[in-house]
Amino acid sequence: MEPLPDDAILVLLDVGLDGALAPSAAGLLGAAAGVGTPVALVLVSGGDADVSDGGGDAGGAAGSVGDAFAAAAAELGAVHVLLAEPAGLGRQVAVPEADALAAAAALVHPDAVVCSHSVRGREIAGRFAARSRSGLAVDAVGLSRDDEGVVAHHSVYGGAYDVRSAVTFGAPVITVRQGAIDARAQAQPVQARRIEVAASGMRTAVIESVEATVAESTRPELRGAARVVSGGRGLGSGERFELVERLADALGAAVGASRAAVDAGYVPQTLQVGQTGVSVSPQLYVALGISGAIQHRAGMQTSKTIVAINTDADAPIFEIADFGVVGDLFEVVPQLIDALESRKA
Ligand code: FAD
């Protein structure tokens, strides 16, 4: 097995409740590969951290869960994969993960530690940064490197400013916004090893039970979706919001909403995009009847292509839209849906 690299970027990969690597993994490893050598850390429970002899044969006879994670992470560009099984994983909030990051960082001496800006990733990154006395840079939409180390790029104040942050000592801990990174790392041969984690015994909240919510929709999840169609107050009612859902289905997109639409009860708060909702960075963001208040823009301005439909030509959403239609969404959107469906036919 090759020695660990001098320019390692330690990347904590989330594992979803479905037992697979979270979709954020590809972007995290892509970002890491642009500034160093990605070393992935994957946390598993119940004896699953074992890897086949040599740690490199994902298709080996053992075929353990550890091998499968190692292979999946290597396919996404991890040059080394560390598998850990910290005590308390799944029963305690963030402490087992921070313990594992501490063990991995002691081994790897990374130039930066990268986590997803998911709710869980934020919690872990904050804890680990506080414990290791590292600088924390949150919600990065890009990474670069200068003479002094890794630099995090942020889109702030509703996307009005791009700022860069760097630490003046040690390795930064950086959370990366889901969907913000287009770069993908090259697949690598599998090099995996299991690491031991000493339990810190730090106090934390205990998880008594976890209940999966049954998804009521076949649409993509808002976080990390490649396409999002959002509706605002301009829809006028919960019933009429159905037009947003129809366009989303025609595009294979997730559904989002402005806070005004949520506050008016058209849709649940889980769909809110913005400063106090979800941040998204899809390839395509379609805003229907949304004025483009700064708090809404804060959650969608880094979308790659923005399309707005609004009756008010002076609505601020047009300042950031790549394509805009000044018109009544109830006239424009049905025509758009018809055009999309006739293309499929
Ligand atoms: P409006 O501003 O009322 O805009 C409705 C738009 O619909 C108008 O531009 C109008 O021209 C257009 N319209 C009307 N009828 C039609 C039609 N038939 N066809 C086409 N267009 C039409 N907001 C968020 O979205 N997300 C947040 O996370 C968020 N967090 C906030 C946090 C704080 C602390 C505060 C103070 C506010 C926050 N807000 C947030 C609220 C934000 O300031 C705006 O009030 C909100 O985004 C407005 O939503 P809207 O664009 O749907 O409604």
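**A word on the environment of L247**
Then comes step 1: Looking at where L247 falls in the secondary structure, it is placed in helix 5 (residues 242–251).
Then comes step 2: On the basis of relative accessibility, which here comes to 0%, the residue L247 falls in the buried class.
Then comes step 3: In this structure, the C-alpha to C-alpha distance between L247 and G201, residues 46 residues apart in sequence, is 50 Å.
Then comes step 4: Dropping the residues within four chain positions of it, L247 is found in contact with V229, V286, L288, V333, L336, I337 and L340.

**Brief notes about the packing of aromatic side chains**
Then comes step 1: In this structure the tally under the stated criterion is 1 aromatic pair.
Then comes step 2: Directly above the aromatic system of F330 lies the positively charged group of R240, at a separation of 4.3 Å from the ring centroid.

**A closer look at the sheet that holds strand 2 (residues 37–43)**
Then comes step 1: The strand order 5-9-4-1-2-3-10 describes an open sheet built from 7 strands, whose pairing is parallel. Both edges of this open sheet fall to strand 5 (136–140) and strand 10 (192–195), since each of them pairs with a single strand only. Adjacent strand axes in the sheet meet at a mean angle of 25 degrees, parallel and antiparallel pairs treated alike.
Then comes step 2: As paired elements, strand 1 (residues 8–13) and strand 4 (residues 112–116) share 3 bridges and run parallel to each other. By the bridge assignment for strand 4, L10 is matched with V113.
Then comes step 3: Contacting strand 1, strand 2, strand 3 (80–84) and strand 10, helix 2 (residues 65–75) runs over the sheet at an angle of about 145 degrees to strand 3.
Then comes step 4: With respect to the sheet, helix 3 (residues 95–108) is in contact with strand 1, strand 2, strand 3, strand 4 and strand 10, its orientation differing from that of strand 2 by roughly 145 degrees.

What counts and what doesn't
- Residues numbered from 1 in each chain as written.
- Predicted model: local features only at pLDDT ≥ 70, side-chain atom pairs only at ≥ 80, totals over all residues.
- Heavy atoms only, no water.
- Helix = DSSP H or I, 4+ residues; strand = E, 2+ residues; numbered from the N terminus.
- Buried < 20%, exposed > 50% of the residue type's maximum accessible area, 1.4 Å probe, protein only.
- Contact = heavy atoms within 4.5 Å.
- Phe/Tyr/Trp six-rings, centres within 6.5 Å; stacked < 30°, edge-to-face > 60°.
- Lys NZ or Arg CZ within 6 Å of the ring centre and 35° of its normal.
- Pairing = 2+ DSSP bridges.
- Axes fitted to C-alpha atoms, helices over the stretch in contact; angles between N-to-C directions.

Honestly, that's just the spatial picture; any functional story needs more than this.
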